[in-house]
Amino acid sequence: MGNELKAGSQKNTSLYASSMAQAMEDAFLREWPAVMGQDAPNVTKDLKLIFVAIAQGVIKHLEENKDAFILEEINNGGVITTTRMQEITARQGDFS
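*Asks:* Whenever I open this one, helix α1 (residues 20-36) confuses me. Can you help?
*Replies:* Residue pairs spaced three or four apart in an α-helix point in one direction, given the helix's 3.6 residues per turn. Taking 1.5 Å as the rise per residue, α1 with 17 residues should run 24 Å; its terminal C-alpha atoms sit 23 Å apart, in good agreement. In the structure, α1 departs most strongly from a straight axis at Arg-30, where the bend amounts to approximately 30 degrees and where the proline Pro-33 lies between one and four residues downstream. Among all positions in α1, only Ala-21, Gln-22, Glu-25 and Trp-32 are buried. Those residues of α1 that are buried are in contact with α2 (45-64). Where α1 begins, one side-chain oxygen reaches toward the backbone nitrogen of Ala-21, 3.4 Å away; that side chain belongs to Ser-19.

*Asks:* Any chance you could explain the packing of α1 against α2 here in plain terms?
*Replies:* Two quantities define a packed helix pair, namely the angle between the helix axes and the distance between the axes. Relative to each other, α1 and α2 sit at 125 degrees, their axes nearing to 8 Å. Between α1 and α2, the interaxial angle falls into the category oblique. Crossing of α1 against α2: the hand is right-handed. Residue-level inspection shows Met-20, Ala-21, Met-24, Glu-25 and Phe-28 of α1 in contact with α2, the latter providing Leu-47, Lys-48, Phe-51, Val-52, Ile-54, Ala-55, Val-58 and Ile-59. Tallied by class, the residues present in the contact of α1 with α2 amount to 11 nonpolar, no polar and 2 charged.

Rules behind the numbers
- Residues numbered from 1 in each chain as written.
- Predicted model: local features only at pLDDT ≥ 70, side-chain atom pairs only at ≥ 80, totals over all residues.
- Heavy atoms only, no water.
- Helix = DSSP H or I, 4+ residues; strand = E, 2+ residues; numbered from the N terminus.
- Expected span 1.5 Å × (residues − 1).
- Bend = angle between axes of the 7 residues up to and from the residue.
- Buried < 20%, exposed > 50% of the residue type's maximum accessible area, 1.4 Å probe, protein only.
- Contact = heavy atoms within 4.5 Å.
- Polar contact = N/O pair within 3.5 Å; in protein donor to acceptor, adjacent residues only side chain to side chain.
- Axes fitted to C-alpha atoms, helices over the stretch in contact; angles between N-to-C directions.
- Parallel < 35°, antiparallel > 145°, perpendicular 65-115°, else oblique.
- Left-handed = near helix turned anticlockwise from the far one by under 90°.
- Nonpolar A, V, L, I, M, F, W, Y, C, P; charged D, E, K, R; others polar.

And the structure:
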């Protein structure tokens, strides 16, 4: 696990590996057969663009709303780190 959020990019393919967009692509390909009942489609440039755009939007939103999170580090004589997310309430209909 890294210590930064990496959205991914189509312009710079080295930024795609181990990115959120790559994780989305992997999940898409893994879930497709179970949901659609057939082999997953080939990942096209257009499909990668969707993954990159969504990942960039999610990370931008998280960065712009850092105050919605409380990060707490606890060290009791060892290396024990706990990260908590403060309650985030969503208005009805936000996740439809």
